[in-house]
8 protein chains.
Amino acid sequence: MSSQKLDEVVISKAIIETYTKKFLENLSLDVAIAGGGPAGLFAAYKLAQKGHKVALFERKLSIGGGMWGGGIGLNIIVVQDSGKAILDELEIRTDQYAPGYYTANAVESVGGLIVSAVRAGAALYNLMSVEDVMIKDARICGVVINNSAIEAAGLHVDPITVAAKYTIEATGHPLEVLKKVEDKCNIRLNTPSGKIEAVSYTHLTLPTN
Amino acid sequence: MSSQKLDEVVISKAIIETYTKKFLENLSLDVAIAGGGPAGLFAAYKLAQKGHKVALFERKLSIGGGMWGGGIGLNIIVVQDSGKAILDELEIRTDQYAPGYYTANAVESVGGLIVSAVRAGAALYNLMSVEDVMIKDARICGVVINNSAIEAAGLHVDPITVAAKYTIEATGHPLEVLKKVEDKCNIRLNTPSGKIEAVSYTHLTLPTN
Amino acid sequence: MSSQKLDEVVISKAIIETYTKKFLENLSLDVAIAGGGPAGLFAAYKLAQKGHKVALFERKLSIGGGMWGGGIGLNIIVVQDSGKAILDELEIRTDQYAPGYYTANAVESVGGLIVSAVRAGAALYNLMSVEDVMIKDARICGVVINNSAIEAAGLHVDPITVAAKYTIEATGHPLEVLKKVEDKCNIRLNTPSGKIEAVSYTHLTLPTN
Amino acid sequence: MSSQKLDEVVISKAIIETYTKKFLENLSLDVAIAGGGPAGLFAAYKLAQKGHKVALFERKLSIGGGMWGGGIGLNIIVVQDSGKAILDELEIRTDQYAPGYYTANAVESVGGLIVSAVRAGAALYNLMSVEDVMIKDARICGVVINNSAIEAAGLHVDPITVAAKYTIEATGHPLEVLKKVEDKCNIRLNTPSGKIEAVSYTHLTLPTN
Amino acid sequence: MSSQKLDEVVISKAIIETYTKKFLENLSLDVAIAGGGPAGLFAAYKLAQKGHKVALFERKLSIGGGMWGGGIGLNIIVVQDSGKAILDELEIRTDQYAPGYYTANAVESVGGLIVSAVRAGAALYNLMSVEDVMIKDARICGVVINNSAIEAAGLHVDPITVAAKYTIEATGHPLEVLKKVEDKCNIRLNTPSGKIEAVSYTHLTLPTN
Amino acid sequence: MSSQKLDEVVISKAIIETYTKKFLENLSLDVAIAGGGPAGLFAAYKLAQKGHKVALFERKLSIGGGMWGGGIGLNIIVVQDSGKAILDELEIRTDQYAPGYYTANAVESVGGLIVSAVRAGAALYNLMSVEDVMIKDARICGVVINNSAIEAAGLHVDPITVAAKYTIEATGHPLEVLKKVEDKCNIRLNTPSGKIEAVSYTHLTLPTN
Amino acid sequence: MSSQKLDEVVISKAIIETYTKKFLENLSLDVAIAGGGPAGLFAAYKLAQKGHKVALFERKLSIGGGMWGGGIGLNIIVVQDSGKAILDELEIRTDQYAPGYYTANAVESVGGLIVSAVRAGAALYNLMSVEDVMIKDARICGVVINNSAIEAAGLHVDPITVAAKYTIEATGHPLEVLKKVEDKCNIRLNTPSGKIEAVSYTHLTLPTN
Amino acid sequence: MSSQKLDEVVISKAIIETYTKKFLENLSLDVAIAGGGPAGLFAAYKLAQKGHKVALFERKLSIGGGMWGGGIGLNIIVVQDSGKAILDELEIRTDQYAPGYYTANAVESVGGLIVSAVRAGAALYNLMSVEDVMIKDARICGVVINNSAIEAAGLHVDPITVAAKYTIEATGHPLEVLKKVEDKCNIRLNTPSGKIEAVSYTHLTLPTN
C-alpha cells in the first residue's frame, strides 16, 4: 500500500462530486440506450464517435451482458466477416477458425467494447435500469430510470427522468423498453404485424457497422 | 444481420475447440490467480507481461470484482500518485481532483485492466471458482477449480486440478484460498500472529507496481 | 486409496479431452432427444441399437426423470404385458403381482435403461437443457442447447446449436420443445385440434417396443 | 394533478443537486449515529438542538426501527414518567393508563421524533448502512457507510468514509458497530467484563433526557 | 434507564387494552383508506380535519410508501406551487430550486404527514392489508382486512370486515382494491374505457388540496 | 349458507372482544408452557385439570408439533403401557400391535389432546412464540412473547411480557427457552454437567402421568 | 420416560404395518374428500357417521385449514344459529356474544372436528395432496394423490390413484380439484354461467347440517 | 399405449404392497450404508455379493452422488489400475488415456454400479436420509432414518429406527453420520488425532476391491 498519507473524506468527496457533475450533464441526452450488452455498447461507441451525447443504462453491476459467457459458458465468441471488421476496428484480436468464421476472446471483447465506448465519449451507467419511457406528443422523448439495486432489493422508490431525443432498445430478448411503449400507446410498430415479433437468436451477433 | 450464410454447427465447433485447446494448455501454469478483481487482474497483466504463463480464475460471470461499483455504486474510483502511474500505464484517463488525488471512470478501468491483461497473454477464466489448493511436499503446487455455475446451482460435482508453480490469493476480504490453506496445514503464516490477520479496506487501492 | 502415483493434471486432461472429442462428434446427429426420463432413455436405446447416431439431453444432473420415485416416492414401478417385454429385454427383474401386472425395482430400472442405452451407442448428456429448436425451411433441423447449471444459476449466457435430422420430445408433461415449436411456427400439429392436447398420466408407462 | 407545466428534467436535477450538496457537507460530522430507531432519533434531535452537526444512518428505507410495531404489532407504546417528559417535549399526545404509566400512538411517535430531529438540524439518511468504523490513533474517527440497497441485493461494492468526532451506536440488539470495534481492536470496553454484555429489553424505552 | 420500578404486565395490558378499544371503535367508519403513501395520508388528514371518522390501512410495518426514497433513493421530493401550499399547511420546510419548483426533505415530509393525520383524528393502521371489499346492494360498504404479517408469512388465516360509508383506493400503481372490485362486479368504472386505465407516474405528486 | 341475516361487523367485534378479554386475563399465569407438541399439550391438560391457570404458547399456526407426522410421515404413533394409560384417559383409541406395544392414530391423538386441554381450562395460543424469559431475583417469573407471524415475516417488532409463577420448556429438541436462560444467567442447571445435555429421541414418547 | 424396555424396530414395524394396512383398504372409497379445512372435516364426519367409507386428503402436515387462525390470527370463530347446532353436536363449547351470534375457541373446534371425524370412521390423510382426478365414461371415479412433502420439495415423482364413487371438493378458495376437472373436460358445471363462479368469503362458515 | 385394460387401483396396491413388504424385511440389517455415491454403491454391491443383508439410504431422489458430473460437469471419470479392475468387474467400458490412466463414461458407471448392487441383492433406498444412529452399550447398532422429502420441505416429523449390525459412513465430505457419533459419544476415533481429520479429494476414486 502506498506510503502517501490518505484522506478518506477527500476520496468520498471526489467520488460523489465527480459522479454527480457528470450525471447532471447527462440528464439531457441526444441518445439514451437501454441495455449494456454488445449491441448497446457498440451503438454507444459509434454514436459517441460521431459526436452525439450518448448515455447507456445497464441494470446489472457489470456491463457486457450475455457476451461474458461466449457459448454455454465457454468464453469464446464467433463472428463472420462483418463482425470481424468491427472487432478489427476495436483492436480486438481474432483468429480464423474456418473460411468466413473467426473466433475472439469473449472477455477481451467486452473489455475492448467498454474501453472504446468510454473513450469515444459515451457515458456508461451500470446499476441503472430503464423502468419506463417519457412520451410527449406521441413521441418518446426520454427514459425513466431507477437505481437497480433498489429494484433488486424489492423496495418501492420512485424513479427520475432523463430527456433524450432518441432512445435505443438494446435489452435483447426481454425488449423491456419496447414492451412498455406497446403497453402504453397501442401504437402500430414498423413490423409486418405491427406488433413486437418473435425473435430467435441461436448465437451471438454484433450489429453490423 | 449479415446476409452471409450461417452454419450454426461450425460456430458450435469453433467455440468448443478454441476454448478447449487453450484450456488444456493452461492445466500447467507458472502462476494461478484466484479472484478477478483489480488486484488479480493487475497481477495477471504484470506477470504475463514479464513472460510468465498466467491464468486467473473468477467465480462470477463478469470479471472486475468490486471495481464496477466505484464507491457506494457511484462508478468512480480515486487513486493517489502510485495508482495514477498504473492507470497511465493502462492508458486509462485520470483527472486530478485535489493535489495527490485523481479520479477515473470505474467502468473504463475494469475494461482497460481486462484488455491489458489479455493482450499481455494472461488467460482469464470467468465462471470458474478455486475450491481448494493442491499441496505436495508442504508446498502449494496447484489449484482445484470447479465450474461456479454448478456450485451456484447447489449441485455436487467434483472439481479438477490445475498445476501451478505459484498461486496468488486475490479474492479480497473472503481470502478464500488462504483460509483453505490454513485449515488444511496448520501452518504458521508470515504475519505477526502467524495467522490470517483482520484487514480493513475503506476504499479501493490498486497494487503498486 | 491406490498406492500408484497420481498425476492430477493427467486426470484433468483426460476428462476434458475425452468429453470434448465425443461432444464435437455429436454436434451433428441423426436424432436429438430432449429429456432423460424412461421414454427418452428407451428411445435412445432403441434408435442407437438400430445404428442411428443419437444423443439425449437432460436438464438435471441425474438421468432417469420421474422413474426414480416410483409412485409417491415408493420406488417400485408397475408394468403390464407390453412393459414386461421391455424390461425383459433390458434384463431388469420383474415379479408378477396380479395377472397382467408386474412390479419392478424403480432404481434398478433406471440403471438398466442407462446401461443399455450407453452400450447401444447412445450419448447421454446430463446438465444440458434444450432451450430452443433450429428451424430451416419449415423443418426442425436441430436443437439449441445450454449448460443447465448456468440456467439454474440465473445467468444470461448464449446457447449453442446441435444439428439433428430428427428431434424427439421426451420432456413429459412440460412438453418444453413442442411448446417452443408451437410458439415459433403457428403450425398445425397432427392432433384432432391441431394444437398440443391436454394429457393426463396417472401412472408410469414405458413406451411399447 | 396540477395544470402547471411540468419539466421532469428540472425535477431530476433538483433531487440530485439538493441531495448531493447536503451529503457533501455531511462528510465531516461532529456526531455520526448508526441506527434510526427511537434511541438514535432522539439522540439526533437532542444533539442537533444543542448545535452539533449530526447525521443519522439507517439501513432500512423507513426510519423509526422497532417503534412502528408498538408491542407484538399493536402500535401503542407505553412510557413511564421520564418517557412522558420526552413525549411532551416532542408534542406527542400521551394518555395515562395507570399511575406512572402512559400510552402513546406508536406511529405518531415515530413521525414526531422524525420531524423534531429534522427541524433541529439533524440529517437523516435512510437506505445507508454503517459497515465499519474508521479508527486512527486508537480512536474512532468516522464511519464507513454504504448504500444498503446494494448490500440487500447481495452486490459487492466498496463503501465510502464519513469523518466524525463522535460515533453513537444505536442499532439496538445487533450492536453492529460495537461488534466491529471489538473485532478490530481487542480493546477493553467500559463494562464489568470489558466486553459487550448481554442485554435484554422486554419493552420499548426512550433514552432519558 | 429510569429508576422507577417497572411492571411489565401493566405495560402488556396497557398496549392490548388501548389498541383494542380504539380498534373496536374503528370497525364502523365514515371513510376507509387503503394504502399509506402520501396520497392516502393526505386524504386521511383532510377528511379527519373535516370531522369524518377515518382509518387508513397500510400493509407495510412503516407508513409513508414510496415517499421515503425521494427519487432513486435520494430522499428529496420536488413539488410545484400546489404541492408547496400543502407542505406549507403541514409546516414542512421547502426551498425554491427554480421558479415554480420547490424541494423538501422526503423523510421530514413523511413524518409531517403522519403527525398531521394523527393529530387531525385519523387512525393509522400499519401491518394491516385490505384484502377485499364488502359489497351490498351494488355498493362498496366496507373493507375486508387482514394482519399483513400473517399474509407475508404465507399462512392461511381468514380476514375480518370493517364497515365504511366510503372507501378510498390509495395503493398507487397496484390499484389493489379497484382490481378486486372490477373482478367481482363487472361494473363499468367512471373512465373513458369503463375499465381501469393505464397510469404512468414519472415523479411524485401530492394530491392537490 | 344460512338464510339468517349476517352482520359482518358484529362478527369482527365478537372475535376481537372475546380474544382480548381472555388474553388480558392470561397476562398473569400460574404456569406458562413454551411449545405445543404432545408434551406441552399434556402438561397443559394435567395442570389445568388440577386447577392451575395455564397458558401454552405455540409458534406455528397449528398446534400438535411433531405428532402430526407419526413416524416418517406415516400418521401412526406407538406407545407402551404408560403411554396407553394416557391415551385411555384422553379417550383416544389404541390397538395392541405386540405385547406391550400399542398403536394409535396420530391425527386423532393431536385432536384428543387439544380438546382435553381446552376443556380442562388451559388456554392454547397458536401463532405466539416465546422469545425470552423474564428473570427477577434470579428466578424465572414470566415469558416474553411475540406474534410469530411478525417473526416469520422478518419484521423487527418488540414483544410483550406475561408473568408466570412457573415456566415449562416444551419446545423439544430446540430447547429454545432453556438456551436463553443459559445465555443470560450462566447458571448451573440441575444436570450431571450443569449444562444442557445432548438428548436423542428416536421415536415419540408421551410424558408419563 | 418409561422404564419398560424399548424395541425400536418393533415401533418402526408397528408404524409401517398399521399405516399400510389401512391405506390399502382405503384405495377404494365411497367418498374421497380433497381438503382438510372445516368443510372437509365436517363432510368426512357426517358421511362416515352415515356408514360411508370416507377418506380425506390434506396437503399440509396439520389438518384444520383456515380455522386455526380464527379471524386475523385471533383464534376465535363466530357462528350463527345453524353453526351453533353443529358445534353443539360436536360437543364444542359456544358462548352467546349477541342475539344470534356465538363464539367458540378456534383451536378446540379444530380438535373437536378431527376427533369426531375419526371416531365416526373417516380416514384422515395429512401430507397427501389431490393432484388430479380419474375420469372414466365422463364421470369422476377417483382421485390421483401424491405425497405433498415430495411436491413441496420440488421433486418430480409420479402419483398413485384412489378409486372413489364420489369426490368432494373442499379445498376452499383454490378449488384445486374443480379447476382440474374444468381444464380436462370442458364440461358445463351446474352453475348459472356453467363455469366456476367467483366466490367471496368474508368470514368463516361451517356447512349447515 | 397398451390396449390392455388398466386398473389403476391394482397399480396403487402393487406399489404399496411390494415396497412395504421389502421395507419391513429391511428393518433389521447386517449392514446399513449411509450415502449413495460410488463408494456406498460399491460397498453395497460387494457386501450383498458376499451374502450380507445390506440396505443403502440416499437422501436425494437419484442415486449416484457426485459421480454423475464427472469432473466440473464433464461426465467422464478417470481411474487407475485398481479402479479399472472394478469397472471391468462391473462390465463398464474403459479406454486407456495414458499409461495407467483409464477413462469411463460417468453416467454408464452410475448405471452399472446400481444394476450390480441391486442384482447382488442390496436394497437401495432413495429419498431416505440417515438422521442419527442408534447406540446401545457403546456400540452403533442401527440408523435412524427419515423421509428426506419431509426434511427438504422443512417439516418437523419424527424418524424411525432400522437395526444394523454394522453401519458404513459413505456420505463423503459431509461425514454426516460420523459427526453425529462424535457429537453424541465424545469417543476417541481410530485416527492420529482421535477426531475426524480433514480430508481433501481432488478427483473421484472408487474404493479398491
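Please read all numbers here as calculations on a predicted model, not as lab measurements.

Novice: When you look at the relation of the copies chain B and chain C in this model, what are you seeing that I'm missing?
Specialist: Superposing the two chain copies requires a rotation about an axis and a translation along that axis. Once chain B is rotated about the relating axis by 180° and shifted along it by 0.0 Å, it coincides with chain C to within an RMSD of 0.0 Å. One copy is carried onto the other by what is essentially a two-fold rotation axis. Interface overlap between copies is the fraction of interface residues in one copy that are interface residues in the other; for chain B against chain C it reaches 100%, indicating a shared surface.

Novice: Would you mind going over the relation of the copies chain F and chain G with me for this structure?
Specialist: Under the fitted operation, chain F is carried onto chain G by 0.0 Å of movement along the axis and a turn of 180°, and the coordinates agree to an RMSD of 0.0 Å. Interface overlap between copies is the fraction of interface residues in one copy that are interface residues in the other; for chain F against chain G it reaches 98%, indicating a shared surface.

Novice: Explanation requested: the pattern of salt bridges in the structure shown.
Specialist: Two side chains bearing opposite charge may form a pair once their charged atoms approach each other closely. All names here are of chain D. On inspection of all chains with the given rule, the structure shows 56 salt bridges over all chains. Measuring nitrogen to oxygen at the nearest pair gives 3.2 Å for the salt bridge that ties Arg-93 to Asp-95. The partly exposed category is assigned to Asp-95, whose relative accessible area is 33%.

Novice: Any chance you could explain the sheet that holds strand 5 (residues 101-105) of chain H here in plain terms?
Specialist: Whether parallel or antiparallel, the strands of a sheet pair through hydrogen bonds between backbone atoms. Residue and element names in this part refer to chain H. The sheet built from 3 strands is open, its strands ordered 3-5-4 with antiparallel pairing. In this open sheet, the two edge strands, each paired with only one partner strand, are strand 3 (76-79) and strand 4 (95-98). Pairwise comparison of adjacent strand axes, ignoring direction, gives a mean angle of 40° for this sheet. Sheet topology places strand 3 next to strand 5; 4 bridges connect them, and they run antiparallel. Its bridge partner lying in strand 5, Val-79 is registered against Tyr-102.

Novice: Explanation requested: the packing of aromatic side chains in the structure shown.
Specialist: Working definition: an aromatic ring pair is given by the centre-to-centre distance plus the angle between the planes. Here the structure, examined in full by the defined rule, presents 44 aromatic pairs over all chains. Between the aromatic rings of A:Phe57 and A:Tyr125, the centroid separation amounts to 5.6 Å while the plane-to-plane angle is 15°, which identifies the pairing as stacked. Note that A:Phe57 is positioned in strand 2 (residues 54-57) and A:Tyr125 in strand 6 (residues 123-125), a separation of 68 residues in sequence. By relative accessible area, A:Phe57 is classed as buried at 2%. With 5.4 Å between their ring centres and 45° between their planes, G:Phe23 and G:Tyr125 make a pair best called tilted. Note that G:Phe23 is positioned in helix 1 (residues 8-25) and G:Tyr125 in strand 6 (residues 123-125), a separation of 102 residues in sequence.

Novice: Just checking my understanding: could you explain the interface of chain B and chain C for this structure?
Specialist: The partner chain C presents 28 residues to the 28 residues of chain B that form the contact. For the pairing of chain B and chain C, the buried interface totals around 2200 Å² over both sides, and the portion due to carbon and sulfur atoms is 78%. The interface formed by chain B and chain C contains 2 salt bridges. Only helix 1 (8-25), strand 7 (128-136), helix 5 (148-152) and strand 9 (160-169) of chain B provide two or more residues apiece to the side of chain B that touches chain C. Sort the elements by how many residues they give to the side of chain B that touches chain C and helix 1 of chain B lands first, with 10 residues.

Novice: What is the right way to look at helix 4 (residues 106-120) of chain C in this model?
Specialist: Each full turn of the α-helix corresponds to 3.6 residues, which orients residues three or four apart in the same direction. Residues and elements named next belong to chain C. The end-to-end C-alpha separation of helix 4 is 21 Å, in line with the 21 Å expected for 15 residues at 1.5 Å each. The N-cap of helix 4, judged by a side-chain oxygen 2.8 Å from the amide nitrogen of Val-107 a few residues on, is Asn-105. Phi for Gly-121, located one or two positions after helix 4, is positive at around 110°.

Novice: Would you take a moment to explain the sheet that holds strand 3 (residues 76-79) of chain B for this structure?
Specialist: Residue and element names in this part refer to chain B. Read across the sheet, 3 strands follow the order 3-5-4 without closing on themselves; strand pairing throughout is antiparallel. Every interior strand has two partners, whereas the edge strands, strand 3 and strand 4 (94-98), have only one. Across the sheet, the mean angle from the axis of one strand to that of its neighbour is 35°, orientation sign disregarded. Packing of helix 3 (residues 81-89) onto the sheet brings it into contact with strand 3, strand 4 and strand 5 (101-105), and relative to strand 3 it is tilted by some 120°.

Novice: Looking at this structure, how should I read the packing of helix 4 (residues 106-120) of chain D against helix 4 (residues 106-120) of chain E?
Specialist: At a minimum axis separation of 8 Å, helix 4 of chain D and helix 4 of chain E run at an interaxial angle of 135°. Classified by the interaxial angle, the pair formed by helix 4 of chain D and helix 4 of chain E is oblique. Considering the relative orientation of helix 4 of chain D and helix 4 of chain E, their crossing is left-handed. Counting all contacts with helix 4 of chain D, which are made through D:Val107, D:Glu108, D:Gly111, D:Gly112, D:Ile114, D:Val115, D:Val118 and D:Arg119, the residues of helix 4 of chain E involved are E:Val107, E:Glu108, E:Gly111, E:Gly112, E:Ile114, E:Val115, E:Val118 and E:Arg119. Grouping the amino acids of the contact of helix 4 of chain D with helix 4 of chain E by side-chain chemistry returns 8 nonpolar, 4 polar and 4 charged.

Novice: What exactly am I supposed to notice about the interface of chain F and chain G here?
Specialist: It is common to give the size of an interface as the accessible area lost on bringing the parts into contact. Contacts between chain F and chain G engage 56 residues on the former and 55 residues on the latter. Taking both sides of the interface into account, the surface hidden between chain F and chain G amounts to around 4800 Å²; carbon and sulfur atoms contribute 66%. A salt bridge links G:Arg119 to F:Glu108, with the shortest nitrogen-to-oxygen separation between them at 3.5 Å. Secondary structure elements with two or more residues in the side of chain F that touches chain G: helix 1 (8-25), strand 3 (76-79), helix 3 (81-89), strand 4 (95-98), strand 5 (101-105), helix 4 (106-120) and strand 6 (123-125) of chain F. The greatest single-element share of the side of chain F that touches chain G, amounting to 10 residues, is contributed by helix 1 of chain F. Residues of the side of chain F that touches chain G, tallied by class, amount to 27 nonpolar, 20 polar and 9 charged.

Novice: In this structure, what is going on with the confidence of the model for chain A? I would like to understand it.
Specialist: Note that predicted coordinates carrying low pLDDT should not be read in detail. Residues and elements named next belong to chain A. Confidence in the prediction for chain A averages 89 pLDDT; 87% of positions are at 70 or higher. Overall, residues 199-209 carries pLDDT values under 50, and its contacts beyond four positions in sequence, including any with other chains, amount to 34 contacts. Reported confidences for the modelled complex are a pTM of 0.92 and an ipTM of 0.90.

Novice: Looking at this structure, how should I read the pairing of strand 7 of chain B?
Specialist: Both faces of the sheet carry side chains from a regular strand, because those side chains alternate between them. Residue and element names in this part refer to chain B. When strand 7 meets strand 8 (residues 139-147), the two strands line up antiparallel, connected through 8 bridges. For Val-133, the partnering residue across the bridge sits in strand 8 and is Val-143. Here strand 7 hands over to strand 8 after 2 residues, with Asp-137 in that stretch at a positive phi of 50°.

Calculation notes
- Residues numbered from 1 in each chain as written.
- Chains lettered and ligands numbered in written order.
- Predicted model: local features only at pLDDT ≥ 70, side-chain atom pairs only at ≥ 80, totals over all residues.
- Heavy atoms only, no water.
- Least-squares fit on C-alpha atoms with pLDDT ≥ 70 in both.
- Contact = heavy atoms within 4.5 Å.
- Salt bridge = Lys/Arg side-chain N within 4 Å of Asp/Glu carboxyl O.
- Buried < 20%, exposed > 50% of the residue type's maximum accessible area, 1.4 Å probe, protein only.
- Pairing = 2+ DSSP bridges.
- Helix = DSSP H or I, 4+ residues; strand = E, 2+ residues; numbered from the N terminus.
- Axes fitted to C-alpha atoms, helices over the stretch in contact; angles between N-to-C directions.
- Phe/Tyr/Trp six-rings, centres within 6.5 Å; stacked < 30°, edge-to-face > 60°.
- Buried area = accessible area lost by both parts, 1.4 Å probe.
- Expected span 1.5 Å × (residues − 1).
- Polar contact = N/O pair within 3.5 Å; in protein donor to acceptor, adjacent residues only side chain to side chain.
- Parallel < 35°, antiparallel > 145°, perpendicular 65-115°, else oblique.
- Left-handed = near helix turned anticlockwise from the far one by under 90°.
- Nonpolar A, V, L, I, M, F, W, Y, C, P; charged D, E, K, R; others polar.
- pLDDT = per-residue confidence, 0-100.

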